[in-house]
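# Structure assessment
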Amino acid sequence: MNYKYLLLALCLFPVLSTAQWQERGSTFDLAHLERHQFKFNLLSPGFTYEFGLFKNQSVSTNLGLALATYEEGYVFGLASNNRYRYYHNFNRRDRMGKNTSGNSGNYIAAAQAIFFSQLRIATDVEGPDDFNLGFYGMVYGIQRTYEKGFNFNLELGAGYYKGDGVLNGYGPLFNFTFGWVATKRKKKDPYFD
């Protein structure tokens, strides 16, 4: 007879814990943020993947052509860009009746970029032929996704460029991508489950 009560308690535990989760679930509530977003970049050939972590926070990675310019010179070629984004204006955009679908919002991000030596197209930085260059800094970005899936992302920031075999230095970061979001997006008007 005790096993019946134990079995009933084990069956009801997921239901009760789900109800509790939904009551206090604001941390993981992604009402505006897309859980997964995959984008093809057309202007700077490449692709971007963005993963929604928590409310208003996501991680994105991008592989495509990029330009690095700092005190020592410039590097142009294939680069990997990684961001930890915090979108700060989703609620304001929602109150004003503006689109938040496809992570359309403004954000602040910790930024990292790696410029690979094997895939470099041009440089004027003096040093060995096989140097890699890394960027570590902060950016402010604006991202908009439109109804048909077209997307643009504009970032401006500054940080530290660390070279592998070349001199290090400080410099700006400017990034602009225009592309198409290949994944299904949430409705224009956010909804809550």
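Scroll up to find the structure this text is about.
Residues numbered from 1 in each chain as written. Predicted model: local features only at pLDDT ≥ 70, side-chain atom pairs only at ≥ 80, totals over all residues. Heavy atoms only, no water.

## What to know about the packing of aromatic side chains
Within this structure, the stated rule accounts for nine aromatic pairs. When the centroid spacing of 5.1 Å and the interplanar angle of 85° are considered together, the rings of Phe38 and Phe40 count as edge-to-face. With relative accessibility at 25%, the residue Phe38 sits in the partly exposed group. Residue class for Phe40 comes out partly exposed when judged on its relative accessible area of 37%. Here the aromatic rings of Phe150 and Phe178 are separated by 6.0 Å at their centres, their planes lie at 10°, and the arrangement is stacked. With Phe150 in strand β7 (residues 150-163) and Phe178 in strand β8 (residues 169-181), this pair connects stretches of sequence that are 28 residues apart. Its relative accessible area of 39% is what places Phe150 among the partly exposed residues. With a relative accessible area of 34%, Phe178 lands in the partly exposed category. One aromatic cluster in this structure is built from Phe38, Phe40 and Phe47. The aromatic ring of Tyr107 is capped on one face by Arg85, whose charged end is 4.4 Å from the ring centroid. (Phe/Tyr/Trp six-rings, centres within 6.5 Å; stacked < 30°, edge-to-face > 60°. Buried < 20%, exposed > 50% of the residue type's maximum accessible area, 1.4 Å probe, protein only. Helix = DSSP H or I, 4+ residues; strand = E, 2+ residues; numbered from the N terminus. Lys NZ or Arg CZ within 6 Å of the ring centre and 35° of its normal.)

## With respect to the side chain of Glu50
Its place among the elements puts Glu50 in strand β2 (residues 46-54). Glu50 sits in the buried class, given a relative accessible area of 2%. Among the polar contacts listed, one links the side chain of Glu50 to the side chain of Arg85, at a separation of 3.3 Å. A polar side-chain atom of Glu50 sits 2.7 Å from a polar atom in the side chain of Tyr87. Excluding residues within four positions of it along the chain, Glu50 makes contact with Arg35, His36, Gln37, Ser58, Val59, Ser60, Arg85, Tyr87, Asn103 and Gln143. (Polar contact = N/O pair within 3.5 Å; in protein donor to acceptor, adjacent residues only side chain to side chain. Contact = heavy atoms within 4.5 Å.)

## Concerning a negative patch on the surface
A grouping of Glu71, Glu72, Asp124 and Glu126 is seen on the molecular surface, where their side chains present a negatively charged patch. Here Asp124 shows up in the loop between β5 (105-123) and β6 (133-145). (Patch = residues over 30% accessible without salt bridge, like charges linked within 9 Å, V, L, I, M, F, W, Y side chains within 5 Å. Areas by Shrake-Rupley, 256 points an atom, 1.4 Å probe, with all protein chains shown as cover. Salt bridge = Lys/Arg side-chain N within 4 Å of Asp/Glu carboxyl O. Lys, Arg positive; Asp, Glu negative; His and termini not counted. Charge placed at Lys NZ, Arg CZ, Asp CG, Glu CD.)

## Overview of the nonpolar core
Of all hydrophobic cores here, the largest spans 21 residues; its most connected members are Val75, Phe115, Leu133 and Tyr161. Those elements that place two or more of their residues in this core are β3 (57-70), β4 (73-87), β5 and β6. No other element matches β5, which puts five residues into this core. Beyond its immediate chain neighbours, meaning those up to four positions away, Leu133 contacts Ala68, Tyr70, Val75, Ala113, Ile114, Phe115, Tyr161, Lys162 and Gly163. (Core = buried A, V, L, I, M, F, W, Y, C linked by side-chain atoms within 4.5 Å.)

## Examining the pairing of β8
Here strand β1 (residues 36-41) runs beside β8; their pairing, made up of three bridges, is antiparallel. If you follow Asn41 over to β8, its bridge partner there is Gly179. The sheet contact formed by β7 and β8 spans twelve bridges and is antiparallel. By the bridge assignment, Glu155 is partnered in β8 with Asn175. (Pairing = 2+ DSSP bridges.)

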